[in-house]
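Listed below, chain by chain, are the residues.
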Amino acid sequence: MIETLLSFSVATLALALAPGPDNIYVLTQSLVNGTKSGIATTAGLISGCIVHTTLLAFGISAIITTSDELFYGIKVLGACYLLYLAYKVYKSDDHISWSEDAPKKSYLQLFKTGVIMNLVNPKVMIFFLAFFPGFLWDKEGNTVVQFYILGITFMVVSFIIFSVIALLAGRISKFIIERKGVGTFLKWLQIVVFVGIALYIIAA
């Protein structure tokens, strides 16, 4: 269990650090409205994960207990989806940009926006479906509890990383702007992370 959670935490850490819509949005709000705004946004985004974890836990757990073949099929589909994400990143531009013209909002508004962004994005649910099952450590045990442990771990690690991004927004943005090679490095980091997790899920 500990080894699996450690692997899951490392994978989550890499995913949280790789540039994507969520952490770029946190970075934008931190640059425009300050660190507290970035943390409020982060709290909203992470809170939405509770719903996705619940849906995943009670929906997929029922499938897992009925058929080994179905469970393996879910893992294969999940790995294929992660490989697809790697391909999408490969085809994308490695330039990282954001707008500094975003209107200022209150902390509560930013929190609500973060929650809504997370809940209405179907890709988050699909990603959870692809990512979490491969890290269950005991298929014969209580998978609902295991999913919640994974969900809480995911939220804690992501919240810490996103909060650090908010705290260091000024330095990070300056570093990215001044060094063109950073975008390329982060792009390939995402590809390696997605492919690595896909292979882990299949092999586990």
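Another aspect to go through is the nonpolar core. Residues Leu-82, Phe-127, Phe-131, Phe-132 and Ile-197 are the most contacted members of the largest nonpolar core, which totals 37 residues. Residue assignment for this core shows that the elements contributing at least two residues are helix H1 (2-17), helix H3 (35-64), helix H4 (68-91), helix H6 (122-131), helix H7 (143-167) and helix H9 (181-203). Top contributing element to this core by residue count: H4, with 8 residues. Phe-132 has contacts with Phe-8, Thr-53, Leu-56, Phe-147, Leu-150, Gly-151 and Phe-154, leaving out every residue within four places of it along the chain. Of all hydrophobic cores here, the second largest spans 10 residues; its members include Val-26, Ile-161, Phe-162 and Ile-165.

Chain-level statistics for the chain give a pLDDT mean of 79 and a share of 80% at 70 or above. At the level of individual helices and strands, the chain shows its lowest average pLDDT in helix H8 (residues 169-178), which scores 63, and its highest in H7, which scores 92.

Helix length check: helix H5 (residues 107-119) (13 residues) gives 18 Å between terminal C-alpha atoms against 18 Å at 1.5 Å per residue, within 8%. Turning to H5, its buried residues number three or more, namely Leu-110, Thr-113, Gly-114, Val-115 and Asn-118.

Cut-offs used in this document
- Residues numbered from 1 in each chain as written.
- Predicted model: local features only at pLDDT ≥ 70, side-chain atom pairs only at ≥ 80, totals over all residues.
- Heavy atoms only, no water.
- Core = buried A, V, L, I, M, F, W, Y, C linked by side-chain atoms within 4.5 Å.
- Buried < 20%, exposed > 50% of the residue type's maximum accessible area, 1.4 Å probe, protein only.
- Helix = DSSP H or I, 4+ residues; strand = E, 2+ residues; numbered from the N terminus.
- Contact = heavy atoms within 4.5 Å.
- pLDDT = per-residue confidence, 0-100.
- Expected span 1.5 Å × (residues − 1).

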